[in-house]
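Take a look at the letters that make up each chain.
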Amino acid sequence: MSVEWAAPETVTPGTEPEIEFTVTNEGDIDGRFVAALNRTGGGIAYMPVAAIQQLIPAGERVSWSVTDTYDVRAPPADEIGDGETDLTYKLARIDDRLEQEVRIVDP
């Protein structure tokens, strides 16, 4: 299975970011996409966002989104808008580890 996923490039403090997924089952039998979505930064040292289990029929592409319901906290004022990564979403699969970096900006 191949996965495409995207977190927003920027978020504002207090928001609940939405992470989008599209998984394609390139095989001939139905399969289950299983992964863990975690977050670091934005007021969090490390936390689970979602345990993902999605049935993907053979030869099909399925899209969905996950909302990070734990609010994003603002970093120190001198770090907002500095162009540096403020939080990171980590997608852990049995065969891969992927990351999406996000910056926190002023509203």
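Since the structure is predicted, the reported quantities are computational estimates derived from the model, not experimental observations.

## Section: the sheet that holds strand β3 (residues 18-24)
Read across the sheet, three strands follow the order β1-β3-β6 without closing on themselves; strand pairing throughout is antiparallel. Among the strands making up the open sheet, the edge pair consists of β1 (2-6) and β6 (61-67). Across this sheet, the average inter-strand angle for adjacent strands is 20°, counted without regard to direction. Here β3 runs beside β6; their pairing, made up of seven bridges, is antiparallel. Residue Glu18 lies in a different strand from β6, and its bridge partner there is Thr67.

## Points about the side chain of Thr22
Turning to its location among the elements, Thr22 is positioned in strand β3. Within the structure, the side chain of Thr22 is placed 2.9 Å from the side chain of Ser63, a separation counted as a polar contact. With residues near it in sequence (within four places) discarded, Thr22 still touches Ser2, Val3, Glu4, Arg61, Val62 and Ser63.

## Thoughts on a negative patch on the surface
Taken together, the side chains of Asp78, Glu79, Asp82 and Glu84 present a region of like negative charge at the surface. Tracing the sequence through the fold places Asp82 in the loop between β6 and β7 (87-93).

## Side note on the sheet that holds strand β4 (residues 31-41)
The five strands lie next to each other as β2-β8-β7-β4-β5, forming an open sheet whose pairing is mixed. The strands lining the two open edges of the sheet, one partner per strand, are β2 (10-11) and β5 (47-56). Note: β2 against strand β8 (residues 96-104), two bridges, orientation parallel. Along β8, the bridge assignment pairs Thr10 with Arg103.

## Structural notes on the pairing of β3
With five of seven residues buried, β3 lies mostly within the body of the structure. Sheet topology places β1 next to β3; five bridges connect them, and they run antiparallel. Looking at β3, one finds that Ala6 is bridged to Glu20.

Conventions used here
Position labels on residues start from 1 in each chain and follow its written sequence. Under the rules for a predicted model, residues below a pLDDT of 70 receive no local features and side-chain atom pairs below 80 are neither given nor counted, while totals for whole chains, interfaces and linings still include all residues. Calculated side-chain values reflect all of the structure's heavy atoms, with hydrogen atoms and water omitted. Here, a strand pair is defined by DSSP locating no fewer than two bridges between the strands. In DSSP terms, a helix is any run of H or I states spanning at least four residues, a strand is any run of E spanning at least two, and both are numbered starting from the N terminus. The axes used here are C-alpha line fits, helices contributing only the stretch in contact, and every angle between their N-to-C directions lies in the interval 0 to 180 degrees. Pairs of N or O atoms within 3.5 Å make up the polar contacts considered here, provided that, within protein, one atom can donate a hydrogen while the other can accept it, and that residues adjacent in sequence are counted only when both atoms are side-chain atoms. What makes two residues a contact is simply this: any of their non-hydrogen atoms within 4.5 Å. Residues enter patches when their relative accessible area tops 30% and they take part in no salt bridge; the joining distance is 9 Å for like charges and 5 Å for the nonpolar side chains Val, Leu, Ile, Met, Phe, Trp and Tyr. For the accessible areas, the method is Shrake-Rupley and the probe is 1.4 Å, while residue cover comes only from the protein chains on display. Definition used for salt bridges: Asp or Glu carboxyl oxygen within 4 Å of a side-chain nitrogen of Lys or Arg. Only four residue types enter the charge count, namely Lys and Arg as positive and Asp and Glu as negative; His and the chain termini do not. Charge coordinates come from a single atom per side chain, which is NZ of Lys, CZ of Arg, CG of Asp or CD of Glu. Partly exposed describes any residue whose relative accessible area lies between the buried limit of under 20% and the exposed limit of over 50%, with all areas from a 1.4 Å probe on protein chains only and scaled to the type maximum.

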